[in-house]
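# Fold and contact review
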Amino acid sequence: MGDPERLQDVLASNPLLLTPEEAARVLRIGRTTIYALMKAGDLRPVHIGRSCRLPRTELERYVRCLETSANAAPAPTAEFAAARSPRRRIDASPRRIHAR
């Protein structure tokens, strides 16, 4: 690694750490899904000060886990099923206000 400009070009084109927004673009999923996967423990972020970053290798590990779980069993594993956010039921009936 003799040429520092060449090293800078390599790091600029292939960053080691990605923001959650960049990671979402790489995986082609939503930003909120990235945060849900981090909260569930499926993606392990790196914290530098108050900044949250995801190593590119962590994204690759996650995709490998998805591939192996898809090949091993047709149903999703408990590890990744936890990443799915539960849907809240919304009561569509009008609220009644009792006058006194």
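Residues numbered from 1 in each chain as written. Predicted model: local features only at pLDDT ≥ 70, side-chain atom pairs only at ≥ 80, totals over all residues. Heavy atoms only, no water.

### Some remarks on the side chain of Glu58
- Looking at the secondary structure, you find Glu58 in helix H4 (residues 56-72).
- On the accessibility criterion, Glu58 (7% relative accessible area) is buried.
- Here Arg44 takes part through its backbone nitrogen, which lies 2.9 Å from a polar atom of the side chain of Glu58.
- A polar contact of 2.6 Å, which involves the side chain of Glu58, links it to the side chain of Arg61.
- Once you skip the residues sitting within four places of it in the chain, Glu58 turns out to touch Asp42, Leu43 and Arg44. (Helix = DSSP H or I, 4+ residues; strand = E, 2+ residues; numbered from the N terminus. Buried < 20%, exposed > 50% of the residue type's maximum accessible area, 1.4 Å probe, protein only. Polar contact = N/O pair within 3.5 Å; in protein donor to acceptor, adjacent residues only side chain to side chain. Contact = heavy atoms within 4.5 Å.)

### Topic: H4
- Its 17 residues place the ends of H4 25 Å apart at the C-alpha level, agreeing with the 24 Å of an ideal helix rising 1.5 Å per residue.
- For H4, the complete set of buried residues consists of Glu58, Leu59, Arg61, Tyr62 and Ser69. For H4, the angular spread of the buried residues around the axis is 160°, confining them to a single face. Along H4, exposed side chains directed more than 90 degrees from the buried face belong to Thr57, Thr68, Ala70 and Asn71. (Expected span 1.5 Å × (residues − 1). Arc of directions from axis to C-beta.)

### Focus on the packing of helix H2 (residues 20-27) against helix H3 (residues 31-40)
- At a minimum axis separation of 8 Å, H2 and H3 run at an interaxial angle of 105°. Between H2 and H3, the crossing angle belongs to the class labelled roughly perpendicular. Of the residues in H3, those in contact with Pro20, Glu21, Ala23, Ala24 and Leu27 of H2 are Arg31, Ile34, Tyr35 and Met38. (Axes fitted to C-alpha atoms, helices over the stretch in contact; angles between N-to-C directions. Parallel < 35°, antiparallel > 145°, perpendicular 65-115°, else oblique.)

These values are about where atoms sit, not about what they do.
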